[in-house]
Each structure stands twice: as structure tokens, then as C-alpha cells.
Amino acid sequence: MRRVILAVTGTIAGLLALLGFRSHVPSSGPAVAEGAAATPGPVTSQAALPAGARAVDGNVADTVYGPVQVQVVVLDEKITGVNILEQPSSTVHDLQLGQVAFPKLISETLAAQSAHVDAVSGASYTSAGYIKSLQSALDNGA
Amino acid sequence: MMVRLRRAEHVMGTVVSFDVDAAFGTAVADAVRWLHWVDATFSTFRADSEVSRLSRGAVTADRCSAHVREVLAACSGLAAQTGGYFSATAGGSLDPSGYVKGWAIERAAAILTTAGSSSHCVNGGGDVRCTGASPRGDDWRIGVANPLDPGALALTVCGRDFAVATSGIAERGRHVLDPHTGRPPEGLLSVTVTGPDLGQADGYATAVFAMGYPRALGWSAEGYAASGITADGGTWRTEDFPAARYQNETIEPQLTRRGGRPIL
């Protein structure tokens, strides 16, 4: 669980670094919602959680571009999804951050955990496609 | 942990990866020879292969090798079991590739087992056969590539002694045809099938992908389970995916949505 918290913290820290974090100390700790339970609370848009999964909300961070809040979905001590609960969306610059920077960071959070597999199943790659595949990284001892 | 041998062999138009105890190098060499024989015998890209000669009528099935007849019989069985959605002649000419690769990898893994290996994983270009437990002593962890982002995983299936086959458009485009229409199926980016035998799993994955969405939701086969990713980034799976008999754990698909669009 500590690993997960660290990862959550890392994700939020990354988002804040990206946005230029302006000092703001939130008043309460992370909120935790159990899977599939009805959870009255601050979450406005909530996808159905897989059985056994928990949604952990990060604190709202006040940045120069506006408030930011992320939520991670945790199953078996691994992050299986990241949702953006609140993000800036008013200026062109903000729009760019919302549509490009956020999804990229989320992809990297999930991809970082992809290393813990022994092999990868997927649509049959060509010899050329193999070079770029995660399987080739595993074969090289990644 | 013993020293592991990892070998990647270019064969059958793809790369086959071996992960096995280094003591079984000779068996890996035997398995590699087998795969090259399969390539020479079943390739539709080689005019002199037995399958090419059979396809153009230069030889009859009863004069083909026992392995070719075995594959043709298995393909007929798959066609009957899938309402014709698996077909060795989907593109108009004989092409049993949708079964052959999984079948060949299944047998390559069996060559290692026969030689005494009790823990190995053979991956034939995305079709995976795991034998025994992982070298760590726990379950093998097989990631399923995210067709929307090939460097990332959509889900992970874990277990021992099981096969995972995936069919989709991520690597070779829309090459799987619906045998009933002759056109590429609609609505799915990939289908993953798990079960005890990789040849069957490979054939089923091809068939379920060919069904398209939502027809694929109606598919079932005893001992096998399926999970798919739809064209809009959604996911579905059969109730028994992963089948508890050979899988102890699964991680739910990582594709999450917010506001109606895939977030990844």
C-alpha cells in the first residue's frame, strides 16, 4: 500500500510540477472510496469500479492555472487507472495542458507498472514490429 | 533462481521468444528447428510449401504430411465450433495461419516439457504459452498489449499452465476477414482468448475477432474465455475470463473513461 501512496504522490507531484505549483496546503488527507459502493462525496464523474478496486482521490491543488485534482483506481496494490477529477480549462494554454499533458502523464504512470510482466500477448507483430515491442524489451532483460 | 535462457528467433513472419532454464538449450534448439519446419511446410508466402501446393491443387490432402492433415482437421473442427467464423479459406484460398502459429508454439512448448523443463514461457509473436510456475515460483504474468497504445498494457492475466492468444488490428491492420462477408469485421480493436491449448485459443481469438461487435459477446467455448476491446476504447469479457481453473488473479482493464471518451 505504501508503494501505491508513493505512486499517487508521485503522480500528483508530477502534475503539479507540470503546472507550476503555487504553494497550497490542503486541509484534509486523501479520500478513499471502496469499490462499487455508493460514495457520496466530492467526486462528480465516477466510472464504475471493478470488484475489489478502490478509488483514491488526491487533494485539490491550487495552481496558477486553477484547481487540479486527480483520482487513482487501485486494485491489488497496483494503479489500474487514473482519472482527472478537476482540471483547468479556460485559456488556450490551459486547454493544451488538459488535452495533451494530462493523458501523457497518465500513460506514463500506467506504463511504468507494465514492466512487471513475463511476456506480452497482442496482435501478431511482424519482425519489424517486434523491435518496438515491449516483448523485445523483456527479451533483452528489461 | 536458476540462470534463464532468453532467445528470440525470427521465424514464421514474426519473432518467437523463449524464456526457459538455461539447462535446456538443446531443447530450445530442437524447438527452433521445429518452428522453421512448420514455416517451410505451412507458409502461404512460399510457393514450394506443402500448403501452397495443396492450395493450387498440385497435391491432394491425403498425400500431405500427417501434420498438415492434423491441422486441416483441427481447422474444420474450429469452423464447426464457431459457426464458420473461423475459416481456413476466409480470404478465398487455403490459409490455416489463424490456427497454425498457436499450434506450432503449443508444440514448441511441449518439446521443452518433454526434455524435462517444468517452467517455461514461449511467445509466438503475441501468442503465449506458459508452462508450470514462473521462475519466481509464482504465477506467470502475461500482459495484453493496449491496441490504442502498443507500448502500454490493457490488462494482465496471471496463472500457470495456460495459453493466451490475441487477434487484432494493431500490428498488421485489418487483415482478419469475416468469412461470411469477405470483409474486415467491425467494432473491435482486439480480442484475447485464454485456455489450456494455444492452437485452439489462437483459432478462437481469430474467430471471435471476425464476429465483430456485438456478435462476439455471444461466443463461448468450454474451458476458454475471451476479453475484447471495442473500437471506441471500451472493454468486455466473458463471465469466466479468466477461467479460475488455470488463472488465480486478474487485473481489470486499465482503460478508464471520463466524459464518454477513453482517457488513454
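Our subject is the structure that appears above.
One structure accompanies this document, and this report is about it. Because the structure is a prediction, the values reported are computed rather than measured.

### Some details on the environment of Ile-105 of chain B
All names here are of chain B.
Link 1 in the chain: Summarising the element assignment, Ile-105 is placed in helix 4 (residues 97-114).
Link 2 in the chain: As a C-alpha pair, Ile-105 and Gly-124 span 19 residues in sequence and 6.2 Å in three-dimensional space.
Link 3 in the chain: In this structure, Ile-105 is in contact with Met-12, Val-16, Leu-35, Val-122, Gly-124, Asp-127, Arg-129 and Leu-198, ignoring residues within four places of it in sequence.

### Re the packing of aromatic side chains
Link 1 in the chain: Applying the stated rule across the entire model yields 6 aromatic pairs over all chains.
Link 2 in the chain: The rings of Trp-34, Trp-37, Phe-42 and Trp-103 of chain B are connected pair by pair, giving a single aromatic cluster.

### Concerning the layout of surface pockets
Residues and elements named next belong to chain B.
Link 1 in the chain: Here the largest pocket defines a volume of roughly 950 Å³.
Link 2 in the chain: Lining of the largest pocket is provided by 34 residues; of these, Asp-95, Ser-97, Gly-98, Arg-172 and His-175 occupy positions nearest its centre.
Link 3 in the chain: Counting only elements with at least two residues in the lining of the largest pocket, the list comes to helix 1 (25-42), helix 4, strand 7 (162-168) and helix 5 (198-211).
Link 4 in the chain: Residue contributions to the lining of the largest pocket peak at 4 residues, all from helix 4.
Link 5 in the chain: Of the residues in the lining of the largest pocket, the class split is 12 nonpolar, 16 polar and 6 charged.

### Concerning the pattern of salt bridges
Link 1 in the chain: Using the criterion set out here, one finds 12 salt bridges over all chains in the structure.
Link 2 in the chain: Notably, a salt bridge pairs Arg-6 of chain B with Asp-19 of chain B, separated by 3.7 Å at the nearest N-O pair. Note that Arg-6 of chain B is positioned in strand 1 (residues 4-11) and Asp-19 of chain B in strand 2 (residues 14-21), a separation of 13 residues in sequence.
Link 3 in the chain: Between Lys-101 of chain B and Asp-127 of chain B there is a salt bridge, with its nearest N and O atoms 2.9 Å apart. Residue Lys-101 of chain B is found in helix 4, and its partner Asp-127 of chain B is found in strand 4 (residues 127-131); the two are separated by 26 residues along the sequence.
Link 4 in the chain: With relative accessibility at 11%, the residue Lys-101 of chain B sits in the buried group.
Link 5 in the chain: Looking at Asp-127 of chain B, the relative accessible area reads 2%, which means it is buried.
Link 6 in the chain: Among the charged side chains, a salt-bridge network with shared partners connects Asp-139 of chain A together with Arg-4, Arg-6 and Asp-19 of chain B.

### Things to note about the pairing of strand 2 of chain B
Residue and element names in this part refer to chain B.
Link 1 in the chain: For strand 2, the buried fraction is high: 8 of the 8 residues fall into the buried class.
Link 2 in the chain: Bridge analysis of strand 1 against strand 2 gives 8 bridges, and the strand direction is antiparallel. For Arg-6, the partnering residue across the bridge sits in strand 2 and is Asp-19.
Link 3 in the chain: The turn joining strand 1 and strand 2, which pair antiparallel and follow one another in sequence, is formed by 2 residues; a positive phi near 55° is taken by Met-12.
Link 4 in the chain: Across 5 bridges, the pairing between strand 2 and strand 3 (residues 120-124) is antiparallel.

### Looking at the sheet that holds strand 9 (residues 225-230) of chain B
Residues and elements named next belong to chain B.
Link 1 in the chain: Strand order in the open sheet formed by 8 strands is 1-2-3-4-7-8-9-10, and the pairing between neighbours is antiparallel. Two strands close off the open sheet at either side, each with one partner strand: strand 1 and strand 10 (235-237). The sheet shows a mean angle of 10° between the axes of neighbouring strands, direction not considered.
Link 2 in the chain: Together, strand 1 and strand 2 form the strand contacts of helix 1, whose direction differs from that of strand 1 by roughly 15°.

### Description of the pairing of strand 9 of chain B
All names here are of chain B.
Link 1 in the chain: In terms of burial, strand 9 is a largely internal element, 6 of the 6 residues being buried.
Link 2 in the chain: Neither face of strand 9 is open: one carries Ala-225, Ser-227 and Ile-229, the other Ala-226, Gly-228 and Thr-230, and all of them are buried.
Link 3 in the chain: In this structure, strand 8 (residues 188-195) lies alongside strand 9, joined through 6 bridges in antiparallel fashion. Within strand 9, the residue paired with Thr-194 across the bridge is Ala-225.
Link 4 in the chain: Here 3 bridges tie strand 9 to strand 10, and the two strands are oriented antiparallel to one another. Note that in strand 10 the partner of Gly-228 across the bridge is Trp-236.
Link 5 in the chain: Following strand 9, the chain reverses through 4 residues before pairing antiparallel with strand 10; Gly-233 in that reversal takes a positive phi of roughly 90°.

Definitions and cut-offs
- Residues numbered from 1 in each chain as written.
- Chains lettered and ligands numbered in written order.
- Predicted model: local features only at pLDDT ≥ 70, side-chain atom pairs only at ≥ 80, totals over all residues.
- Heavy atoms only, no water.
- Helix = DSSP H or I, 4+ residues; strand = E, 2+ residues; numbered from the N terminus.
- Contact = heavy atoms within 4.5 Å.
- Phe/Tyr/Trp six-rings, centres within 6.5 Å; stacked < 30°, edge-to-face > 60°.
- 1 Å grid on protein atoms, 1.4 Å probe; cavity = no way out; pocket = protein on both sides within 12 Å on 5 of 7 lines; lining within 4 Å.
- Points joined across faces, edges and corners; volume = space filled by probe spheres on them.
- Nonpolar A, V, L, I, M, F, W, Y, C, P; charged D, E, K, R; others polar.
- Salt bridge = Lys/Arg side-chain N within 4 Å of Asp/Glu carboxyl O.
- Buried < 20%, exposed > 50% of the residue type's maximum accessible area, 1.4 Å probe, protein only.
- Pairing = 2+ DSSP bridges.
- Axes fitted to C-alpha atoms, helices over the stretch in contact; angles between N-to-C directions.

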